[in-house]
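Remarks on the overall topology
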Amino acid sequence: MNTKRIFIVIGHDSQLDGMFRLEDLPGSGRIDEIARCVTAALLVSNGIRKDTVVMLILQGKGGTRLVEFNGKYMKNLNPD
């Protein structure tokens, strides 16, 4: 049986231009929470879940962006 986990995370007030400040991630459309969702969905105690896909739907003033993280292709993902 080939099962696949798909997580969809929606960010309603995201910075779509990429100009968020690393010193103020909570003030940049909660990018810190979105990053935690990605790592929590993809990490297990001994590595990365290869059967998991995380899709981010980021909405902001510039429109909507879709970002996909596929565990099959992820490398060097750390829980920190």
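Residues numbered from 1 in each chain as written. Predicted model: local features only at pLDDT ≥ 70, side-chain atom pairs only at ≥ 80, totals over all residues. Heavy atoms only, no water.

Turning to a nonpolar patch on the surface, a few remarks are in order. Among the surface-exposed residues, I6, I8 and I10 lie close enough to one another that they form a single nonpolar patch of about 300 Å² accessible area. Looking at the secondary structure, you find I6 in strand β1 (residues 5-11). (Patch = residues over 30% accessible without salt bridge, like charges linked within 9 Å, V, L, I, M, F, W, Y side chains within 5 Å. Areas by Shrake-Rupley, 256 points an atom, 1.4 Å probe, with all protein chains shown as cover. Salt bridge = Lys/Arg side-chain N within 4 Å of Asp/Glu carboxyl O. Helix = DSSP H or I, 4+ residues; strand = E, 2+ residues; numbered from the N terminus.)

A few words on the pairing of strand β5 (residues 63-70). Here strand β4 (residues 52-60) pairs with β5 via 8 bridges, running antiparallel. Considered in β5, the bridge of M55 is made with E68. Linking β4 back to β5 in an antiparallel pair, the connection comprises 2 residues. (Pairing = 2+ DSSP bridges.)

For helix α1 (residues 31-42), spanning 12 residues, the distance from its first C-alpha to its last is 17 Å, which sits close to the expected 16 Å at 1.5 Å a residue. Residues I31, D32, I34, V38, A41 and L42 constitute the buried set of α1. Those residues of α1 that are buried are in contact with β1, β2 (43-44), β3 (47-48), β4 and β5. (Expected span 1.5 Å × (residues − 1). Buried < 20%, exposed > 50% of the residue type's maximum accessible area, 1.4 Å probe, protein only. Contact = heavy atoms within 4.5 Å.)

Residues I34, V38, L42, I48, V54, L56 and L58 are the most contacted members of the largest nonpolar core, which totals 13 residues. For this core, the element with the highest residue contribution is α1, accounting for 5 residues. (Core = buried A, V, L, I, M, F, W, Y, C linked by side-chain atoms within 4.5 Å.)

The next thing to look at is the sheet that holds β5. Spatially, the 3 strands line up as an open sheet ordered β1-β4-β5, and their pairing is mixed. Of all the strands in the sheet, the pair left with one neighbour each is β1 and β5. Pairwise comparison of adjacent strand axes, ignoring direction, gives a mean angle of 15 degrees for this sheet. Strand direction decides the pairing type here: β1 and β4, joined by 7 bridges, are parallel. Residue pairing for β4: V9 is matched across the bridge by L56. (Axes fitted to C-alpha atoms, helices over the stretch in contact; angles between N-to-C directions.)

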